[in-house]
Amino acid sequence: MASLFALSRVSAFGSGQSNELAAQREVLKQMRDCARPASSSAIADCLRGRYEQRNNDLAIAALMRAPDVALPVLRRTDPAFAPVFEAVSIWAAEPAGANWADPALNGKRQRITALLTPLMANLLSTDSGRTMLSDPETGAQTVKGVDDIFVSENRFAMFLNVLGPFMPEDDGPVTSGKSRRSLSCAAIIRHPALLAATASAFGSTLDNFVLDTDCAQTLPPMPQLAALDAKLNHAWPQCEGTIRFAAYRIYATALDAARLGMAPRDENARAPSRRGVTPADIAAARRELAASYQANLGKPPATAAAMAADAINGILASAQECE
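Note on numbering: residues in each chain are counted from 1, in written sequence order. At least 70 in pLDDT is required for a residue's local features to be given in this predicted model, at least 80 for side-chain atom pairs to be given and counted, and no such filter applies to totals for whole chains, interfaces and linings, which use all residues. In computing side-chain properties, one takes all heavy atoms of the structure into account and sets aside hydrogens as well as water.

## Details of the packing of aromatic side chains
Where two aromatic rings form a pair, the distance of their centres and the angle of their planes describe that pair.
So, step 1. Working definition: rings of Phe, Tyr and Trp (its six-membered ring) pair if their centres are within 6.5 Å, and the pair is stacked with planes under 30 degrees apart, edge-to-face with planes over 60 apart, and tilted otherwise. Inspection of the entire model under this criterion finds 9 aromatic pairs.
So, step 2. Ring geometry for Phe81 versus Phe85: centroids 4.9 Å apart, planes at 85°, classification edge-to-face. Like Phe81, the residue Phe85 is buried in the burial classification.
So, step 3. Summarising the aromatic geometry, the rings of Trp236 and Tyr251 are spaced 5.2 Å apart at their centres and angled 80° between planes, so their arrangement reads as edge-to-face. On the criterion of sequence distance, the pair formed by Trp236 in the loop between helix H11 (223-234) and helix H12 (244-260) and Tyr251 in helix H12 is long-range, its members being 15 residues apart. Each member of the pair Trp236 and Tyr251 is classed as buried.
So, step 4. One aromatic cluster in this structure is built from Trp91, Trp100, Phe150 and Phe156. When accessible area is computed with a 1.4 Å probe and restricted to protein chains, residues below 20% of their type maximum are described as buried, those above 50% as exposed, and intermediate ones as partly exposed. Under the DSSP-based scheme used, a helix requires at least four consecutive residues in state H or I and a strand at least two consecutive residues in state E, with every element numbered from the N terminus.

See below:
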């Protein structure tokens with residue numbers, strides 16, 4: 001855990017501190033709680049679970065920086081999903097828009113194909129999987145096999161977006177049964193199209209298992225954005241039915257887009273008012289994001305301010321959609 005934590009102290013942007021210190025302190029508190037008499041499991045079992053989960057999370061954080069260190073841990077902690085982690089690390093190590101038909105990339109392409117073929121076969125064996133990998137307007141199947149993901153970044157993201165809910169039951173020590181997995185935020189920074197793999201896709205309970213990201217932990221601390229997020233969640237209305245999972249997923253993707261500076265530009269958008277949130281809360285989060293875009297993305301002040309306004313608008317517009 002200490003080795004992985006050391007690798008994850010630098011943010012996924014490649015400079016500055018990540019938010020892993022706060023996450024590490026929380027995990028250490030949970031480890032101390034294992035010794036409390038009210039614990040429902042033996043201390044050793046409790047600690048083992050804490051270590052496995054934390055090492056899994058830190059390995060995802062370190063995946064792009066040190067895949068040779070991270071992948072053996074992920075193969076142990078989450079063997080069912082480890083092939084996806086490795087495939088993403090290989091893909092994201094190449095430049096965005098790389099030509100995967102280039103003979104120079106043949107070995108890497110073959111490795112990605114070998115890793116993903118069993119998962120693709122499982123996905124395409126279901127009517128729902130085939131439908132989700134089809135163009136919603138024409139109905140034509142967009143992804144028919146692993147070869148199709150090499151056509152474009154968007155098709156690879158589409159495959160990953162649909163894959164989460166169709167993964168086999170977990171068989172590793174981290175979890176049992178269905179769980180949500182996280183994409184490496186560092187991989188998304190290198191390949192922004194991958195953020196689409198975390199978007200709402202199903203409009204049902206299945207959206208609860210779409211891939212997440214580890215951006216909140218691996219990017220620099222953003223206390224004002226975290227405070228705004230907490231207030232929005234506290235005031236979120238009770239949502240009925242399975243469609244609520246789509247609303248939660250849309251909001252989570254908007255939050256990550258804000259952290260990454262990837263919110264879409266909309267000069268005409270206006271931030272809607274939300275219960276429990278003051279103009280001062282919004283202004284503080286906007287200033288924090290603008291400072292981050294300047295420091296981490298090299299954006300000039302005016303551009304950073306406009307990006308931050310778009311990001312906050314996107315967060316507020318997607319929150320509380322169950323009303």
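Next comes the rest of the account.
## Comments concerning the pattern of salt bridges
So, step 1. The salt bridge criterion pairs a side-chain nitrogen of Lys or Arg with a carboxyl oxygen of Asp or Glu, the two atoms within 4 Å. What the rule picks out here adds up to 15 salt bridges.
So, step 2. Here Glu20 and Arg54 are joined by a salt bridge, their closest N and O atoms 3.0 Å apart. Taken together, the positions of Glu20 in helix H2 (residues 20-33) and Arg54 in helix H3 (residues 43-62) put the pair 34 residues apart, joining distant regions of the chain. Across the pair, Arg54 and Glu20 agree in class, each one buried.
So, step 3. The salt bridge involving Arg76 is made with Glu52; its shortest N-O contact spans 3.8 Å. Taken together, the residues span a long stretch of sequence, with Arg76 in helix H4 (residues 67-77) and Glu52 in helix H3 at a distance of 24 residues.

## Side note on helix H14 (residues 301-318)
So, step 1. The span you would expect from a helix comes to 1.5 Å times its residue count less one. Between its first and last C-alpha, H14 extends 26 Å over 18 residues, near the 26 Å set by a 1.5 Å rise per residue.
So, step 2. All of the buried residues in H14 are Ala304, Met307, Ala308, Asp310, Ala311, Ile312, Asn313, Ile315, Leu316 and Ser318.
So, step 3. Gln320 lies just past H14 and shows a positive phi near 60°.

## Focus: the nonpolar core
So, step 1. To form a nonpolar core, buried Ala, Val, Leu, Ile, Met, Phe, Trp, Tyr and Cys residues must be joined to one another through side-chain atoms within 4.5 Å. By size, the foremost hydrophobic cluster in this structure holds 58 residues, and its most contacted members are Ile112, Leu116, Ile149, Phe156, Phe159 and Leu160.
So, step 2. Taken together, the elements giving at least two residues each to this core come down to helix H1 (2-7), H3, H4, helix H5 (82-93), helix H6 (106-124), helix H8 (153-166), helix H9 (185-190) and H12.
So, step 3. The next biggest cluster of nonpolar side chains, apart from the first, holds 24 residues, and it includes Leu232, Trp236, Val277 and Ile312.

## Brief notes about the state of the cysteines
So, step 1. By definition, disulfides here are pairs of cysteine sulfur atoms that lie within 2.5 Å. Within this structure, the stated rule accounts for 2 disulfides.
So, step 2. With its sulfur 2.0 Å from that of its partner, Cys34 forms a disulfide with Cys46. Looking along the S-S bond of the Cys34-Cys46 disulfide, the torsion reads about -70°, which is the left-handed sense. A residue pair is termed long-range when its members are at least 10 positions apart, and Cys34 in the loop between H2 and H3 and Cys46 in helix H3 qualify at 12 residues.
So, step 3. Here Cys34 falls in the buried class, since its relative accessible area comes to 1%.
So, step 4. The side chain of Cys185 participates in a disulfide bridge whose partner is Cys215; the two sulfur atoms lie 2.1 Å from each other. Between Cys185 and Cys215, the S-S dihedral sits near 100°, and the bridge is therefore right-handed. Pair noted here: Cys185 is in helix H9 and Cys215 is in helix H10 (residues 215-218), with a separation of 30 residues, a long-range link.
So, step 5. Since its relative accessible area comes to 0%, Cys185 is described here as buried.

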